[in-house]
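# What the coordinates show
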Amino acid sequence: KNWMAVNDYPGTFSTGRILATWTNFTSNAQGQSTGNNIVAKVSNDGGATWSGLISITPTGTSEQGSQPMFFSDGTAGMAYITFLNQNDLRQIRIQYQHSADGGLSWPGPERSVATITGWDDALMRDGVFLISAANARATGRVVIAAQAVISGQAKIVCYLSDDRGVSWTGPWIASDNPAANSVFNPAVAISDDGTTISVIYYERGGTPETQNYVNI
């Protein structure tokens, strides 16, 4: 579940930096899992060379779905999820961290965005725990989208922060699907001024043949 961000803001200390993040699956000599934490590397020369491995979450923890981003002052942020129950991957906490040095170090603290039950479609392979995140270039507002169970129904929800992850509002429901319809795999974008948010997602159940097709 790798992702990357590029700092294309001019005149910052980290302009041009690439920040690549991914899930680091580890195991012991017997092949048993010992965790899946989030790690990163950065490049300041267009990918020709890369830093050493940077730990964002501690070794032995269980996270996935990293979504890095840069801000207009060259600092970086990242949203991701923590699994709360290894036997039920729907039980997750959405987390956020900020890096004052543009991704070189992540001292924390982890900021809890929300604890949710992710929606998992009964028929299709979906990203039950895969969130999407973006930030507004001018204001820095951060938005995170997820697929969640709200009042027993599948919904696409959004969470917002105007202080780089210190506090969050939401859930704001972004999908208008009927109760019987499944929605999943959201991707989110936000306007430069932070006032307009767009979400794209799949919806199953609104087609003539409801088993194998989705609307976007």
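A brief look at the structure comes next. (Residues numbered from 1 in each chain as written. Predicted model: local features only at pLDDT ≥ 70, side-chain atom pairs only at ≥ 80, totals over all residues. Heavy atoms only, no water.)

Time to look at the overall build of the chain. The helix and strand tally for the chain stands at zero helices and 14 strands. Here the chain has a C-alpha radius of gyration of 18 Å; the compact-globule value for 216 residues is 17 Å, and the two agree. Each principal axis of the C-alpha atoms in the chain carries an extent, and together these give about 50 × 50 × 30 Å. Out of the 216 residues belonging to the chain, those deemed buried represent 46%. In the chain, 45% of the contacts between residues at least 6 apart in sequence involve partners at least 24 apart. Just so you have it, the chain exposes about 10300 Å², and 51% of that area is on carbon and sulfur atoms. (Helix = DSSP H or I, 4+ residues; strand = E, 2+ residues; numbered from the N terminus. Rg over C-alpha atoms; globule rule 2.2 N^0.38 Å. Buried < 20%, exposed > 50% of the residue type's maximum accessible area, 1.4 Å probe, protein only. Contact = heavy atoms within 4.5 Å. Areas by Shrake-Rupley, 256 points an atom, 1.4 Å probe, with all protein chains shown as cover.)

Attention shifts here to unusual backbone geometry. Trans peptide bonds make up most of the peptide bonds, and negative phi angles are found at most residues other than glycine. For the bond running from Gly108 to Pro109, omega is 0°, close enough to zero to count as cis. Note on placement: Pro109 falls in the loop between strand 7 (91-99) and strand 8 (111-117). Despite not being glycine, Ser151 has its phi angle at roughly 50°, a positive value. Residue position: Ser151 is located in the loop between strand 10 (142-150) and strand 11 (153-161). On the basis of relative accessibility, which here comes to 72%, the residue Ser151 falls in the exposed class.

Right, let's get into a nonpolar patch on the surface. Judged by side-chain polarity, Ile200, Tyr202 and Ile216 come together as a nonpolar surface patch covering roughly 320 Å² of accessible area. You can see Ile200 is positioned in strand 14 (residues 197-204). (Patch = residues over 30% accessible without salt bridge, like charges linked within 9 Å, V, L, I, M, F, W, Y side chains within 5 Å. Salt bridge = Lys/Arg side-chain N within 4 Å of Asp/Glu carboxyl O.)

With respect to the secondary-structure elements, Asp126 resides in the loop between strand 8 and strand 9 (132-135). This buried residue, Asp126, is left without a salt bridge; Arg125 holds the nearest opposite charge, at 7.6 Å. Filtering out sequence-adjacent residues up to four positions away, Asp126 remains in contact with Trp119, Asp120, Asp121, Gln147, Phe184 and Asn185. (Lys, Arg positive; Asp, Glu negative; His and termini not counted.)

On to the sheet that holds strand 3 (residues 33-43). One open sheet accounts for four strands, arranged 1-2-3-4; its pairing is antiparallel. The strands lining the two open edges of the sheet, one partner per strand, are strand 1 (3-6) and strand 4 (54-55). In the sheet, strand 2 (residues 18-27) pairs with strand 3 via 10 bridges, with the strands oriented antiparallel. If you follow Phe25 over to strand 3, its bridge partner there is Asn36. (Pairing = 2+ DSSP bridges.)

Let's shift gears to the pattern of salt bridges. Counting across every chain of the model gives five salt bridges. For Arg137, the salt bridge goes to Asp8, with nearest N and O atoms at 2.9 Å. In this pair, Arg137 sits in the loop between strand 9 and strand 10 while Asp8 sits in the loop between strand 1 and strand 2, placing the two residues 129 residues apart along the sequence. Arg137 gets classed as partly exposed once you look at its relative accessible area, which sits at 34%. Its salt-bridge partner being Arg141, residue Asp162 comes within 2.7 Å of it at the nearest N-O pair. With a gap of 21 residues between them, Asp162 in the loop between strand 11 and strand 12 (169-173) and Arg141 in the loop between strand 9 and strand 10 connect regions that are remote in the sequence. Taking the relative accessible area as the measure of exposure, Arg141 reaches 23% and is therefore partly exposed.

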